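Architecture and fold: a report
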Amino acid sequence: MIATLFLILIVVFVFLAFYIPLWKNRWIRNKPFPGTWHSILEANLPVYSALEPEEKTKLQQLINLFISKKRFEGCAGLEMTDEIKVTISAQACLLLLQHPKTAVYPKLYSVLVYPYGFRTEREQRQKDGTVALAAHNLSGESWSNGKVVLSWDDVVSGASDFTDGRNVVLHEFAHQLDSASGSTNGAPPLRRNCYGSWAKVLSGEFEKLKWASLRHHKTTMDEYGATNPAEFFAVATETFFEKPRQLSKKHPKLYGELQEYYQTDPRQWH
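Predicted model, so just to flag it, every value in this text is computed and none were measured. (Residues numbered from 1 in each chain as written. Predicted model: local features only at pLDDT ≥ 70, side-chain atom pairs only at ≥ 80, totals over all residues. Heavy atoms only, no water.)

What to know about the packing of helix H4 (residues 82-94) against helix H6 (residues 168-179)
Where H4 meets H6, the closest approach of the two axes is 9 Å, and the angle between their N-to-C directions is 55 degrees. By the angle class used here, H4 and H6 are oblique. Both H4 and H6 take part in a crossing whose hand is right-handed. On H6, the residues touching Ile-88, Gln-91 and Ala-92 of H4 are Val-169, Leu-170 and Phe-173. Residue classes in the contact of H4 with H6 are distributed as five nonpolar, one polar and no charged. (Axes fitted to C-alpha atoms, helices over the stretch in contact; angles between N-to-C directions. Helix = DSSP H or I, 4+ residues; strand = E, 2+ residues; numbered from the N terminus. Parallel < 35°, antiparallel > 145°, perpendicular 65-115°, else oblique. Left-handed = near helix turned anticlockwise from the far one by under 90°. Contact = heavy atoms within 4.5 Å. Nonpolar A, V, L, I, M, F, W, Y, C, P; charged D, E, K, R; others polar.)

In structure tokens, the structure reads:
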């Protein structure tokens, strides 16, 4: 009798532990979207007006959930506002527009925002094999400990021009998707793509970008993508969303893999 009761309690506990977060997330997603937030999207994210009505609704739901679940922190004296939260959340959630899961970046806890580009120092290997501290000026970083760091100035410029292939929010949150596999290596957990095809296409395109970069040839993607496979995936994501027509024309196989992964076609927004 006691064993049966104990088993029932375990089943009830597991049931509640699984379904309560789902119900809570559903309630948060379906909360009315504030009119002021809608105005922020129209003013700061021009591509928003090109979305289909159902896409706008889905994006609003994801923004509700993102802002509710993540902690935003202003750095270097920056005062956190709804404009900052909504503008960043909207771009981050564009990557999840057709994502089947209800959670939004479950391993992410904090978004740190500086007013301008920030400076960091880190160890860097020299040509002679020694290691020394080197200073870097950055517009964004994605950390493995559940944090993304962004420059608000770069966030605004990236959102306002959604055609230049440079968007710090898309870039850093592509790293967050990539790291969901356990390591940031350009191979995020795939949903519908074939792993063999993904590896073949992206590795081949990565080598082509490195070759073109070394020879100073004009490229559709930013040459920073030639740094390593992780940066290639992040840069390819920026280009996919901001320069879809150019990418699909010059790199159709890469575009096809990204379209299958993100389950959307940004050409319809441009």
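Back to the text.
So, the packing of aromatic side chains
All chains considered together, the criterion is met by 15 aromatic pairs. Summarising the aromatic geometry, the rings of Phe-66 and Phe-173 are spaced 5.9 Å apart at their centres and angled 65 degrees between planes, so their arrangement reads as edge-to-face. Placement of Phe-66 in helix H3 (residues 53-69) and of Phe-173 in helix H6 is noted, with a sequence separation of 107 residues between them. An identical accessibility class is assigned to Phe-66 and Phe-173; each is buried. Chaining the aromatic ring pairs together yields one cluster made of Trp-198, Phe-233, Phe-240, Phe-241, Tyr-255, Tyr-261, Tyr-262 and Trp-269. (Phe/Tyr/Trp six-rings, centres within 6.5 Å; stacked < 30°, edge-to-face > 60°. Buried < 20%, exposed > 50% of the residue type's maximum accessible area, 1.4 Å probe, protein only.)

Topic: the sheet that holds strand E1 (residues 71-74)
Backbone-to-backbone hydrogen bonds pair the strands of a sheet. The strands run either parallel or antiparallel. Here four strands make up an open sheet; going across it, the order is E1-E2-E6-E5 and the pairing mixed. Each having just a single partner strand, E1 and strand E5 (140-142) make up the two edges of the open sheet. Averaged over neighbouring strand pairs, the angle between their axes works out to 15 degrees when direction is ignored. Alignment of E5 against strand E6 (residues 147-151), held across three bridges, turns out to be antiparallel. Residue pairing across strands places Gly-140 opposite Leu-150, the latter belonging to E6. (Pairing = 2+ DSSP bridges.)

Notes on the packing of helix H2 (residues 35-44) against H3
Between H2 and H3, the least distance of the axes is 12 Å, while the angle of their chain directions is 110 degrees. Here H2 is positioned roughly perpendicular relative to H3, judged by the angle of their axes. You can see that H2 and H3 cross each other, and the crossing is right-handed. When H2 is examined against H3, the residues Trp-37, His-38 and Leu-41 are found in contact with a partner set consisting of Gln-60, Ile-63, Asn-64 and Ile-67. Across the contact of H2 with H3, the residue classes break down as four nonpolar, three polar and no charged.

A look at the nonpolar core
Soluble globular proteins: nonpolar side chains tend toward being buried together. Ranked by internal contacts, the top residues of the largest apolar core, which has 66 residues, are Phe-66, Ile-88, Tyr-105, Phe-173 and Tyr-262. When sequence neighbours within four positions are dropped, the list of residues in contact with Tyr-105 reads Phe-66, Lys-70, Ala-92, Leu-95, Leu-96, Phe-173, Gln-176 and Leu-177. Formed by five residues, the second largest nonpolar core is a distinct cluster that contains Cys-75, Leu-112, Leu-138 and Val-149. (Core = buried A, V, L, I, M, F, W, Y, C linked by side-chain atoms within 4.5 Å.)

Points about the side chain of His-175
Within the fold, His-175 resides in helix H6. Classification of His-175 by relative accessible area gives buried; the value is 7%. Among the polar contacts listed, one links the side chain of His-175 to the side chain of Glu-231, at a separation of 3.2 Å. Every residue in contact with His-175, bar those within four places of it in the chain, is listed here: Ser-142, Thr-184, Ala-230, Glu-231 and Ala-234. (Polar contact = N/O pair within 3.5 Å; in protein donor to acceptor, adjacent residues only side chain to side chain.)

With respect to the environment of Pro-34
In this structure, Pro-34 sits in the loop between helix H1 (2-29) and H2. A C-alpha to C-alpha distance of 9.5 Å links Pro-34 and Gln-60, two positions 26 residues apart in sequence.

Some thoughts on unusual backbone geometry
The phi dihedral of Ala-76 is positive, around 55 degrees, even though this residue is not glycine. The exposure class assigned to Ala-76 is exposed, which follows from its relative accessible area of 63%. Even without being a glycine, Tyr-105 presents a positive backbone phi close to 45 degrees. Along the chain, Tyr-105 falls in the loop between H4 and strand E2 (110-114).

Regarding the environment of Val-86
Within the secondary structure layout, Val-86 lies in helix H4. For Val-86 and Ile-63, which are 23 residues apart along the polypeptide, the C-alpha to C-alpha distance reads 7.0 Å. Excluding anything up to four places from it in sequence, Val-86 contacts Trp-37, Ile-40, Leu-41 and Ile-67.

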